[in-house]
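This is what each chain is made of:
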Amino acid sequence: MKIGIISDIHANWEALEAADKILFDVQQVWCLGDIVGYGADPRLCLEYIRQRCQIKLKGNHDQAVADLRNIDFFNPVAKQAVLWTRNQLSADDCRFLAQLPSSLSVTTEDRSLPVVWLVHGSLRSPLEEYILDAATAQATQTLLAQQAQEVHFPKDAPVLLFFGHSHLAEVYIFNDKGKKLQHLSVTTEQRLTLEGGWYYLVNVGSVGQPRDGVPLGSCAILDTDQWTIQIIRFGYPIAVAAQKILQAGLPAELAYRLFYGW
Ligand SMILES: [Fe+2]
C-alpha cells in the first residue's frame, strides 16, 4: 500500500493542489496538522483535508484557530493570521479542528507494517516541541523505543515516526541500539529503503510554507510493500498564493517569505 503523508499546509491551496497531483496514485493520505494559519485559503484546504485524508492530526495553529486560547504565545504576525483565519471558518470548521487528535499510532490496513507513529511536533509534546537537533531526536527515539516495546513491536520491522511542525524536510535514522546513524536534510528528493529494526524519524516537511531556504513544497510517500519512504519537493505557483495573501489583507511578509522558502 502507498500512503501519502503531508503536514503544515497552512492554507496554501496552490501548494496543496500541487501535492495532490504528486499523490495521485496513493491509497491513503495522512495529514500531520497545521492545515490552516498563514495562508489565504483555509476553507478550501480544510475541505480538501476532510474529504481526502483518512488520518488527520491537529497542529498548534489548528488548535489556536479552534479555541483562540493561548494565542499570546504566537508572534504578532502569526497571531494576526490566527484571528483572520478564525473569521473565515464556520463554527463547524472550528469544532472539527478542535476534536482532531494531536498524535496517533496506527496500523496500516494491510498490516504490512505493524504500527506507525504520527505526531505534529514531538512525542514529548505533540503540539509544541520542535525536533530541530540531534539531542531532541535522540530523546524522541528513546520514547519511540519504549512505545515499540509496549506494543511488542517485532524486531524485524522498521520503527517509523512521521512528524512536521518545524517545516524542515529531514530524516534521523537510528539503529536498533539507539545509535544515530544519519541525519538527512531533504532539499530536492530522497528515497530511503527501510531496514528492519532501525528507527526512522521522518519530518515530511511543509506543503505550504517551507522554511529551509528552498521555496518548494514537500510531501512524503510511504510504500508499505516495498518498505520505502520517498520525500518529494515540488514547485507550485507561488505568485498566485502570495497575491491572495496580500489581497486578503494578511501581513505582507507571509506572502514574501514563500518566494524564499523562509
Ligand atoms: Fe506549521
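Structure's up top.
Residues numbered from 1 in each chain as written. Predicted model: local features only at pLDDT ≥ 70, side-chain atom pairs only at ≥ 80, totals over all residues.

1. Some thoughts on the overall build of the protein
Move 1: Along the backbone of the protein there are eight helices and twelve strands.
Move 2: Relative to the compact-globule value of 18 Å for 262 residues, the protein shows a C-alpha radius of gyration of 17 Å, a close match.
Move 3: With the C-alpha coordinates aligned to their principal axes, the bounding extent of the protein is approximately 55 × 35 × 35 Å.
Move 4: Counting every position in the protein, which comprises 262 residues, the buried fraction comes to 48%.
Move 5: Of the contacts formed within the protein by residues at least 6 apart in sequence, a portion of 72% connects residues at least 24 apart. (Helix = DSSP H or I, 4+ residues; strand = E, 2+ residues; numbered from the N terminus. Rg over C-alpha atoms; globule rule 2.2 N^0.38 Å. Buried ≥ 20, exposed ≤ 12 C-beta atoms within 10 Å, placed from the backbone. Contact = placed C-beta atoms within 7 Å.)

2. Digging into helix α8 (residues 252-260)
Move 1: Every buried residue of α8 is listed here: Leu254, Ala255 and Leu258. When α8 is viewed along its axis, its buried side chains cluster within an angular range of 105° and face the same direction. When the buried face of α8 is taken as reference, the exposed residues oriented beyond 90 degrees from it are Ala252, Glu253, Phe259 and Tyr260.
Move 2: Check the buried side of α8 and you find it contacts α4 (76-88) and α7 (238-247).
Move 3: Once α8 ends, the next one or two residues include Gly261, with phi positive near 60°. (Arc of directions from axis to C-beta.)

3. Overview of the sheet that holds strand β8 (residues 180-185)
Move 1: Ordered in space as β4-β5-β6-β10-β7-β8, the six strands form an open sheet in which the pairing is mixed. What marks the edges here is a single partner per strand, and that holds for β4 (103-106) and β8. Between one strand and the next, the sheet's axes are offset by a mean angle of 15°, whatever the strand orientation.
Move 2: Where strand β6 (residues 159-163) and strand β10 (residues 199-204) come together, five bridges link them in parallel fashion. Along β10, the bridge assignment pairs Phe162 with Val202.
Move 3: Relative to β10, helix α6 (residues 134-150) is tilted by about 120°, and along the sheet it contacts β5 (116-119), β6, β7 (169-174), β8 and β10. (Pairing = 2+ DSSP bridges. Axes fitted to C-alpha atoms, helices over the stretch in contact; angles between N-to-C directions.)

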